[in-house]
Each structure stands twice: as structure tokens, then as C-alpha cells.
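Listed below are the residues making up each chain.
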Amino acid sequence: MIYLDHAAGTPVRKEVLQTMRPYFAKEFANPSSIHETGQKARKAVEEAREIVRKILHADTDDKIIFTSGGTESINLALQGVAHRISNCRIITSTIEHEAVLETVRKLEKENFPVEYVPVDEKGIVNLAALEKILTGKILTSKNNLNSSIFISIMYVNNEVGTIQPIKEIAQITKRHKIIFHTDACQAGYEELNVQKLGVDLLTLNGSKINGPKGAGILYARKGIALEPLFYGGGQEYGLRSGTENVPAVIGFAKALELMQKEGEKENEKGKFKLKKLRDLLTKELLKIPESKLNGHPSELAAHIVSVSFAGIEGEQLVRHLSEQGIYCSSGSACTSKKIAVSHVLQAMHVPEKFARGTVRFSLGKENTLQDIKKVVEAVKEVVEVLRKV
Ligand SMILES: Cc1ncc(COP(=O)(O)O)c(C=O)c1O
């Protein structure tokens, strides 16, 4: 099998599995128990939190909240902030993951005014449009300039891989005194230093970083008030009640540490293996007539290649490749049941004839040059057959 769907899910690294293993059956106690074995579990959870804090360069007063994954962290960030600020205006982009868009739609139904920043054809958020929204030059019906503002812009887009200029956005949000959340679920290899990035809230997801599913974090800068999503025993600063998922927490921290180290090492050597494979795959696929790369040519995540082929259905290509043991995606995995053209490609104004024939290949550390060569040959063949049909 050649697995090229890492943006949907990654295999757990063996080192991560090893770190997690003792906490299922041996050190299984509840970290809130005051006896010795409970305190061992507590120590492990707090050590994991410190690992994450160090990676993010978070201050000691900042919060690292362990959650069940990207969707929960995003909901806690968005609903958590909105429900603490009355009259809060919410700004987001048109290419966010459904976890953000659906949460924002829910808040809109609760009468929070929402504005969407457009992106260019490479998927980069239009900063001039953002400034205009902030200074009221673009007015929507519910726009109320006196209300507090909360913005959520993703770091790396899950469908096309475009990396947003987070630091530049943060400069704007600081100037306008806006709370800034970034969904960094696909940004495991990117810079995650929150001081350098300038974000107030940041979401990460274990299942995208060779860690366990059902694990994630929300980073919250000191002073950001959040309303919990649910109530109970008051774990995780009172913001995420419920007994901690100790193995998942520990696995998450280990996975993040390994992915960040690997990214740094590869970048230092100046030859990021994943980027080399990504670039080769892109170059070869674009040799197919009537093909098109989606996403930014340089501001692109190391693991994502989104290519469109005119005259075919992306979904059919994915199915044919699957029959040959090559696994990829026709859009983001979470929306692959819907046949409609993805909201991301629509927002980027990808012409429909290309948008419908879009395939996302997302690479992982186990992929090889051989894999890429085989995939290129298979895609060429299947596209030709599908076009004839
Ligand atoms: C960018 C992004 N945000 C959020 C999520 C949601 O993560 P989960 O479904 O694991 O909660 C995903 C998952 O694909 C994602 O890619």
C-alpha cells in the first residue's frame, strides 16, 4: 500500500506508542486521585504539558489545555471566547475547516455578527480586505464597530496546503486589539513559537502529527477568558472537565516533540525529505495535460499536494487509485462524502472543470521516492482512462 492521506490521519510513531503503553494498564490510575499511583499519572500529565509549553514557548501563566482533538479545541476557542464577550464580532476566512466554519455558523445563529475574509487564488488571506473589515470600510448588515472582535484564521489549509502569513495577521490583530486564534492542526512541522507567531489561542491535533487520535490541545495566552464547553470535575483549569485521557495526553506531547525536532533537523540540513518528494510529485503530475496545482507555489506545507485534472471527477480517480493500493483524498476527508465542489476551491476561484477533478496527496515520513514514482505512473494511466470514458 502507498498511503498518501496523512492530512486525514497519520500512523502513530512507534516511539509514541511506547511512551503511551504503560498508561493503559499499568499506570492506569486517575490523575486526580491523591494516592501514589494517581500522583504518578498526574506527574506524567504535567510533564506532557511542560513538553508542549516548551515547544510553544508559552509562558508559565499561559494555559495548555488538553482536549479530545482539533474540533473540540476549536469549539472551546471560538465558543469559549464568544460566550465571554457580549456583542463579540467574529472574523474568519472562507477556507477554514468545517470545525471552524460550522462553529461560527452556530454562533451566527446566536446573533454574533460574523464576517468572512476572502482569499486570493493561491489561498492566501487578503490582508487588505481584513484591514477594511476592521476599519469598517466593508460593512455587513450586523456590523457593529463598537463590539469586541475575535478572529480565527487557520495556519495551514488542510485541502491545498497554503500557509497563511500568521505573523503579519498577528501584527494587524495587535494593532486593533483583537483576540487571534489559529487552527494549527495541519502545521505540525511549522514554527509553533507562540511569542514569534503572536497568536493568543492555538489549536493542535494529535492525529495529524503521528500521535494518537482523540488528543489535542488548545493553547490560551494568559488573560484570555474562556467559557467551558462542558462542566464537571474542573480538570484542565476548569475549562475541560472530565478525567484526563492520560495515554493520549502523553502520546500527543511525544508526537509533537518528535515532529518538531524532525522538522528543525531537516530544515537545518537544507534538504527536507518531505518537501523534495512533494516537489517531485508536483512536477511530474503537472506534466499531465490540462492539470493545475492548487495552493501557493512556495508558501506550502511540506506534506500537501493538491492537483486538479480537467475533464475527470476527483472522486473517481481516488477510487481507481485505491484499487491499486494507493490511498489519497479527493478533498478533505471530513467532507469526502459530499460530491459538491469544495468550499476551499470555490473560495480560491478554481474553475469548476478543474475543481471537480481535484485530488489531494498528503505525504508522511514513511513515504519513499519509489512510492512517488509509482503514484505518478498510476495517476497518468488512470487520468488517461477516465478522460477517454
Ligand atoms: C485544519 C483542520 N482543522 C481541524 C480539523 C479537525 O480535527 P478532528 O476531526 O481531528 O477533530 C482538521 C481535521 O482534518 C483539520 O485538518
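Residues numbered from 1 in each chain as written. Predicted model: local features only at pLDDT ≥ 70, side-chain atom pairs only at ≥ 80, totals over all residues.

(A) Highlighting the packing of helix α11 (residues 314-323) against helix α14 (residues 369-388). Relative to each other, α11 and α14 sit at 130°, their axes nearing to 10 Å. One finds that α11 runs oblique with respect to α14. As for the relative orientation of α11 and α14, their crossing is right-handed in sense. Every residue of α14 that contacts α11 at Q316, L317, H320 and L321 is listed here: A378, V382, V383 and L386. (Axes fitted to C-alpha atoms, helices over the stretch in contact; angles between N-to-C directions. Helix = DSSP H or I, 4+ residues; strand = E, 2+ residues; numbered from the N terminus. Parallel < 35°, antiparallel > 145°, perpendicular 65-115°, else oblique. Left-handed = near helix turned anticlockwise from the far one by under 90°. Contact = placed C-beta atoms within 7 Å.)

(B) Examining the environment of F309 more closely. Mapped onto the elements, F309 comes out in strand β10 (residues 304-309). Overall, the presence of 25 C-beta atoms within 10 Å leaves F309 in the buried class. On a C-alpha basis, the gap between F309 and G9 in space is 24 Å, while along the polypeptide they are 300 residues apart. Ignoring anything within four residues of it in the chain, the contact list for F309 reads I288, E290, S291, G357 and V383. (Buried ≥ 20, exposed ≤ 12 C-beta atoms within 10 Å, placed from the backbone.)

(C) Highlighting the domain arrangement of the chain. Its domain assignment divides the chain into domain 1 (2-9 + 270-388) and domain 2 (14-263). On the domain 2 side, the residues contacting the 21 residues of domain 1 number 20 residues. In terms of residue class, the side of domain 1 that touches domain 2 is built from nine nonpolar, 10 polar and two charged. (Domains from an automatic or database assignment. Nonpolar A, V, L, I, M, F, W, Y, C, P; charged D, E, K, R; others polar.)

(D) Representation of the nonpolar core. Ranked by internal contacts, the top residues of the largest apolar core, which has 108 residues, are I217, Y219, V249 and F252. Per element, the largest residue contribution to this core is nine residues, and it comes from helix α9 (residues 246-269). Each of domain 1 (2-9 + 270-388) and domain 2 (14-263) contributes no fewer than three residues to this core. Sequence-distant contacts of I217, that is, excluding residues within four places in its chain, are made with V52, I64, I65, F66, T67, S73, L204 and F252. (Core = buried A, V, L, I, M, F, W, Y, C linked by C-beta atoms within 7 Å.)

(E) View of helix α5 (residues 98-109). Here α5 is 12 residues long and its end C-alpha atoms lie 16 Å apart, about the 16 Å a rise of 1.5 Å per residue gives. Where α5 is buried, its residues contact α4 (70-82), β3 (89-93), β4 (114-117), β5 (149-152) and β6 (179-183). (Expected span 1.5 Å × (residues − 1).)

(F) Highlighting α14. Compared with an ideal rise of 1.5 Å per residue, which puts 20 residues at 28 Å, α14 spans 29 Å between its outermost C-alpha atoms and is within 8% of the ideal. Turning to α14, its buried residues are I372, V375, V379, V382 and V383. Across the axial projection of α14, the buried residues extend over an arc of 105°, all falling on one side. Opposite the buried face of α14, at more than 90 degrees from it, the exposed residues are Q370, E377, E384 and K388. (Arc of directions from axis to C-beta.)

(G) Inspection of the environment of N193 at higher detail. Along the chain, N193 turns up in the loop between β6 and α8 (194-197). Through-space distance from the C-alpha of N193 to that of L56 is 4.5 Å; in sequence the pair is 137 residues apart. Not counting residues up to four positions away in its chain, the partners in contact with N193 are L56 and H57.

(H) Geometry of the environment of S32. Along the chain, S32 turns up in the loop between α2 (22-25) and α3 (36-56). When the C-alpha atoms of S32 and E244 are compared, they prove to be 8.8 Å apart, with 212 residues separating the residues in sequence.

(I) Representation of the sheet that holds strand β8 (residues 216-220) within the structure. The mixed open sheet is built from seven strands, whose spatial order is β2-β8-β7-β6-β5-β3-β4. Two strands lie at the open edges of the sheet, namely β2 (63-67) and β4, each paired on one side alone. On average, each strand axis in the sheet is inclined to that of its neighbour by 20°, with strand direction left out of account. The sheet contact formed by β2 and β8 spans five bridges and is antiparallel. Note on β8: the bridge partner recorded for K63 is A220. (Pairing = 2+ DSSP bridges.)

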